[in-house]
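The chain contents come next:
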Amino acid sequence: MKIIAHMPARIGSKRLSLKNLQDLNGQPVMHYGIKTALAVESLSDVYVNTESDIIINAVKDLPVKIYKRDPELSIDSVTQDRFNYDFISKNPCDYFLLINPICPLITKEDISNVIDFCIKGNFDSVFTTTKHETHGIFKDVPLNFKTTGHLERTQDLAPYFSINWAINMWKREAFIEAYERDGYGVFIGNIGYFEIPNPRGLKINYEHDLMLAEALIRLQTSKN
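Predicted model, so just to flag it, every value in this text is computed and none were measured.

What counts and how
Residues numbered from 1 in each chain as written. Predicted model: local features only at pLDDT ≥ 70, side-chain atom pairs only at ≥ 80, totals over all residues. Heavy atoms only, no water. Helix = DSSP H or I, 4+ residues; strand = E, 2+ residues; numbered from the N terminus. Rg over C-alpha atoms; globule rule 2.2 N^0.38 Å. Contact = heavy atoms within 4.5 Å. Areas by Shrake-Rupley, 256 points an atom, 1.4 Å probe, with all protein chains shown as cover. Lys, Arg positive; Asp, Glu negative; His and termini not counted. Charge placed at Lys NZ, Arg CZ, Asp CG, Glu CD. Phe/Tyr/Trp six-rings, centres within 6.5 Å; stacked < 30°, edge-to-face > 60°. Buried < 20%, exposed > 50% of the residue type's maximum accessible area, 1.4 Å probe, protein only. Lys NZ or Arg CZ within 6 Å of the ring centre and 35° of its normal. Pairing = 2+ DSSP bridges. Axes fitted to C-alpha atoms, helices over the stretch in contact; angles between N-to-C directions. Right-handed = clockwise from strand over helix to strand, strands pointing away. Core = buried A, V, L, I, M, F, W, Y, C linked by side-chain atoms within 4.5 Å. Polar contact = N/O pair within 3.5 Å; in protein donor to acceptor, adjacent residues only side chain to side chain.

Caption draft 1: Highlighting the overall build of the protein chain. Counting its regular elements, the protein chain contains six helices and eleven strands. Here the C-alpha atoms of the protein chain give a radius of gyration of 18 Å, agreeing with the 17 Å that 2.2 N^0.38 yields for 224 residues. Along the longest, intermediate and shortest principal axes, the C-alpha atoms of the protein chain span 55 × 45 × 35 Å. Within the protein chain, counting contacts between residues at least 6 apart in sequence, those at least 24 apart form 72% of the total. For the protein chain, the computed accessible surface area is about 11800 Å², with 51% contributed by carbon and sulfur atoms. Mean positive and mean negative side-chain charge positions of the protein chain (25 and 28 charges, respectively) differ by 2 Å.

Caption draft 2: Structural context of the packing of aromatic side chains. Going through the model one piece at a time under the given rule, you end up with 14 aromatic pairs. Note on Phe175 and Tyr179: the rings are 6.4 Å apart at their centroids and 10 degrees apart in plane angle, and the pair reads as stacked. Of this pair, Phe175 and Tyr179 both sit in helix α5 (residues 172–182), four residues apart, which is roughly one turn of the helix. For Tyr179, a relative accessible area of 17% translates into the label buried. A network of ring pairs unites the aromatic residues Tyr85, Phe96, Phe127, Trp165, Trp170, Phe175, Tyr179, Phe187 and Tyr193 as a single cluster. Over the face of the ring belonging to Phe83 we find Arg69, whose NZ or CZ atom lies 4.8 Å from the ring centre.

Caption draft 3: Quick peek at the sheet that holds strand β6 (residues 95–99). What the seven strands build is an open sheet, ordered β5-β4-β1-β6-β10-β7-β11; its pairing is mixed. Whereas interior strands pair on both sides, the edge strands pair on one side only; in this sheet they are β5 (65–68) and β11 (191–195). Looking at each pair of strands side by side, their axes are set apart by 30 degrees on average, direction ignored. Note: strand β4 (residues 45–50) against β5, four bridges, orientation parallel. Paired with Val48 across the bridge in β5 is Ile66.

Caption draft 4: The pairing of β4, seen in detail. Within β4, six of the six residues are buried, leaving the element largely enclosed by the surrounding structure. Relative to β4, strand β1 (residues 3–8) runs parallel, the two sharing five bridges. Residue pairing for β4: His6 is matched across the bridge by Tyr47. For the crossover that starts at β4, traverses helix α2 (residues 53–58) and ends in the parallel β5, the hand is right-handed.

Caption draft 5: Region of interest: the nonpolar core. With 31 residues, the main nonpolar core has Leu43, Leu97, Ile99, Ile111 and Met169 as its most contacted residues. Elements with a contribution of two residues or more to this core: β1, α1 (29–38), β4, β6, α4 (108–120) and β10 (160–171). Looking at which element gives the most residues to this core, the answer is α4, with four residues. Not counting chain neighbours up to four residues away, the residues in contact with Leu97 comprise Ile3, Ile4, Ala5, His6, Leu43, Ile111, Ile115, Ile167, Asn168 and Met169. With 20 residues, the next largest nonpolar core counts Val78, Phe87, Trp170 and Phe175 among its residues.

Caption draft 6: Structural detail: α5. For α5, the complete set of buried residues consists of Arg172, Ala174, Phe175, Ile176, Ala178 and Tyr179. The inward-facing, buried residues of α5 abut α3 (80–88), β6 and β10.

Caption draft 7: Representation of the environment of Thr36. Along the polypeptide, Thr36 turns up in helix α1. For Thr36, a relative accessible area of 14% gives the class buried. A C-alpha to C-alpha distance of 8.5 Å links Thr36 and Ile111, two positions 75 residues apart in sequence. Among the polar contacts made by the side chain of Thr36, one reaches the main-chain carbonyl oxygen of Tyr32 at a distance of 2.9 Å.

All we've got here are geometric facts, nothing functional implied.
Okay, structure coming up:
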């Protein structure tokens, strides 16, 4: 069985400029995810998927493969469906993963566990989630609590989950079939959701995310 991973890393970013290349305790943010993915024995290949020579140069010292995509697939309006399909239609395998290069706290075990979960559960698509044990609302509507009666304690609430997009996995054939039939292919077939513990799903979108990741990495380093 061949399982490959790609890490889509475009040079543009509106919320945090050059977020893939921001310095995080002495190395670019995306180096953390690359090194973690390269340590996963069940991955046959790990690619950085980018349009940018700047990003290619930033990872040249790491033993990661490069997939150079068309710059048109790196503009803001391009969906994950499109750049996934572009990559996977040209790279045969049984399963493929998208590992987010701006999620520097994921571990080798997280990736391996997602792979095991997907294969053993015979899922067509799997997405990692973050658990929230607090009062949640969506469009001003309570998700897991009532606004009448006594305030429900957080420990008594049913948790809710958000997709953190840290690690995603698909059956290649199922993805291609869905995309070519429907024009999209992310949430397909038998869908699985896999929780990874907080804060390992942290995504670097803003300056405060970078500061938090830096503090957590320093704390973990001091413990080791």
